[in-house]
Amino acid sequence: MVSTFESKVNAKAGVVTRNIFYDKEIYQQELEQVFGRSWLVVGHESQIAKPNDFVANYMGEDPVLVTRDSKGKLHTFLNMCRHRGNRICRADAGNAPSFMCTYHGWTFATDGKLVGVPGYKEAYFEELDRAQWGLVEARTDSYKGLIFANWDHEAPVLVDYLGDAAWYMDLWLDRTAGGTEILAGMHRWVMNFNWKFGSDNFGGDNYHTLVTHGSMSASGMSAPRRPLQLEKTNFIIAAGNGHCVLGGYSGEEKRLQQGFNEPAVAKYLNDISGELTQRLGKIRGKQANMGIGTLFPNFTWHSSPTIRLWHPRGPWSTEVWSYCMVDKNAPEIVKQAMKNSYIQRFGPAGNMEQDDANNWMDSTRSAKSLTARKYPLNMTMGVGHEWTNETHPGQSLGYSWSESNWRHFYGWWAKMMDAPSWKQLPLDKRSNITP
Ligand code: FES
Ligand SMILES: [Fe+2]
């Protein structure tokens, strides 16, 4: 019998081999087949608003530069000089009409063209075909301000890849006409856990909040936790193609977003509720909360409000990039309150962040144990108790206390690891639901 990841991971049953959080060869295959073929978030349009703006990021372990060229078109390039391979830019962000490699001086424009070669006449006899030696470019597209890139030219177009997840992303990307922006500054840090533990936590783990973050509600720093009981009105969504929506879809009126100590936030959320309903319909109009979720493979959003990337750094290490994202046209006092809320809860000094990271490091540590690897992880909570409904798009809905999203995430992960190309990787069928 051929051993496939689908059989090894056994995501349907929720009994998952621990090796996928440990093995170096599996990790290399992930870089190639997951990160090399998925649409990855590489930035937000507000970061590169003007012509010749650029921002650095990573696709897996590949450093990239995301640019807006002099004509306003978005690009994503491997941050690598085509001569000997040095980085052409060492800054995190800025504005420049061109990038000069500091080794021998080859110079590239923001549209990727090789525009300057020292000694082109004297040393290369004008024989170097500069058109062939421009920057290596990934496919680039954006969805309502969020910029994505993909190395694989066979991959489906971005909007199809997002599938049903887009419906949920609209709740934060498209709730007002002004759209969103990333506030200046960000947090970056490296921690010793496998990247999947971060991604899957925000995509599928309500269960941990009761215990892991228990001290926050006990100390009054967050709202009291809901008791552990089955509520069909509060559910999680496997949104297809590995994407997972975790929170915020209670179906109840919830104008006041928890965690903000500034009354101006409540007022603002009330103020925009009419526009939100008009733009997105009644179901989503009930929510003044961006929810929580993970877009496969490594992008997470959270109502704190933050967006973040889990950049893989080997099987046992992850570099977290974390930003505060707000409505662009929100009043300054609201933006500041949201930033304070984000910093209090997330980022390296955030109290929820520290609760979480300890657990992910420990899960990774146990995957290093030879004996522990003989025993699978248990992701069985709620197997067979998923459903769909007429109002919320997605492959399946699960109770808030369910690991159904994990089974979806790892099921898709296994498919990507097994499929030789996108031709053998059909996207999940999109739901036929309108707002
Ligand atoms: S390595 Fe960039 S110019 Fe030589
Ligand atoms: Fe958490």
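Remember, it's a predicted structure, so these values are computed and weren't measured experimentally. (Residues numbered from 1 in each chain as written. Chains lettered and ligands numbered in written order. Predicted model: local features only at pLDDT ≥ 70, side-chain atom pairs only at ≥ 80, totals over all residues.)

Student: Quick one: what's the story with the domain arrangement of the protein, residue by residue and with numbers?
Tutor: Domain annotation for the protein reports domain 1 (40–143) and domain 2 (163–424). Summarising the inter-unit geometry, the C-alpha centres of domain 1 and domain 2 are found 33 Å apart. The partner domain 2 presents 8 residues to the 9 residues of domain 1 that form the contact. In terms of residue count, strand β2 (residues 40–44) provides more of the side of domain 1 that touches domain 2 than any other element does, 3 residues in total. Residue composition of the side of domain 1 that touches domain 2, grouped by class: 4 nonpolar, 4 polar and 1 charged. (Domains from an automatic or database assignment. Contact = placed C-beta atoms within 7 Å. Helix = DSSP H or I, 4+ residues; strand = E, 2+ residues; numbered from the N terminus. Nonpolar A, V, L, I, M, F, W, Y, C, P; charged D, E, K, R; others polar.)

Student: Explain the environment of P312 to me, and be specific about the residues and the numbers.
Tutor: Along the chain, P312 turns up in strand β18 (residues 306–312). Expressed as a C-alpha distance, the spacing of P312 and N241, which sit 71 residues apart in the sequence, is 20 Å. The contact partners of P312, leaving out residues within four places of it in the chain, are E30, L31, F35, G60, E61, W195 and T318.

Student: Quick one: what's the story with unusual backbone geometry, residue by residue and with numbers?
Tutor: Between F296 and the following residue, P297, the backbone shows a cis peptide bond with an omega angle of 0°. As for its placement among the helices and strands, P297 is situated in the loop between β16 (292–295) and β17 (299–302). Despite not being glycine, E126 shows a phi value in the positive range, around 60°. Inspection of the secondary structure puts E126 in the loop between β9 (114–116) and β10 (137–143). By C-beta crowding, E126 is classed as exposed, having 9 other C-beta atoms within 10 Å. A positive phi angle, near 55°, is found at N241, a position not held by glycine. Looking at the secondary structure, you find N241 in the loop between β14 (235–240) and β15 (243–247). (Buried ≥ 20, exposed ≤ 12 C-beta atoms within 10 Å, placed from the backbone.)

Student: Could you give an account of the packing of helix α5 (residues 195–204) against helix α12 (residues 351–367), naming the residues involved and the relevant values?
Tutor: Where α5 contacts α12, the axes come no closer than 9 Å and their chain directions differ by 130°. In terms of their interaxial angle, α5 and α12 are classed as oblique. Helix-helix and strand crossings are classified by hand; for α5 and α12 the assignment is right-handed. Residue-level contacts link F197, G198 and N201 of α5 to D356, W360, S363 and T364 of α12. Class assignment of the residues belonging to the contact of α5 with α12 gives a composition of 2 nonpolar, 4 polar and 1 charged. (Axes fitted to C-alpha atoms, helices over the stretch in contact; angles between N-to-C directions. Parallel < 35°, antiparallel > 145°, perpendicular 65-115°, else oblique. Left-handed = near helix turned anticlockwise from the far one by under 90°.)

Student: Explain helix α2 (residues 24–35) residue by residue, including any values.
Tutor: Listing the buried residues of α2 in full gives Y27, E30, Q33, V34 and F35. The buried residues of α2 occupy an angular sector of 155° when projected down its axis, which confines them to one face. Along α2, exposed side chains directed more than 90 degrees from the buried face belong to K24, E25 and Q28. Contacts from the buried residues of α2 go to β2, β3 (53–59), β18 and α13 (404–418). (Arc of directions from axis to C-beta.)

Student: Talk me through the sheet that holds strand β6 (residues 93–95); I want residue IDs and the actual numbers.
Tutor: Read from one edge to the other, the open sheet built from 7 strands follows the order β2-β11-β10-β5-β4-β3-β6, with strand pairing classed as antiparallel. Of all strands in the sheet, those with a lone pairing partner are β2 and β6, marking the two edges. Within this sheet the neighbouring strands show an average axis-to-axis angle of 30°, counted without direction. The pairing of β3 with strand β4 (residues 62–68) spans 6 bridges and is classified as antiparallel. Each residue of the ladder has a partner; that of N57, found in β4, is V64. (Pairing = 2+ DSSP bridges.)

Student: Please set out the environment of A11 residue by residue, giving values where relevant.
Tutor: On the secondary structure map, A11 appears in the loop between α1 (5–9) and β1 (15–16). The spatial distance from the C-alpha of A11 to the C-alpha of S217 is 33 Å, given a sequence separation of 206 residues. Every residue in contact with A11, bar those within four places of it in the chain, is listed here: V16, R407, Y410, G411 and A414.

Student: An account of the packing of α5 against α13 is requested, with residue identities and associated values reported.
Tutor: At a closest axis distance of 8 Å, the pairing of α5 and α13 adopts a crossing angle of 140°. Classified by the angle between their axes, α5 and α13 sit oblique to one another. Considering the relative orientation of α5 and α13, their crossing is right-handed. Between α5 and α13, the contacting residues are D200, G203 and G204 on the first element and N405, W406 and F409 on the second. In terms of residue class, the contact of α5 with α13 is made up of 2 nonpolar, 3 polar and 1 charged.

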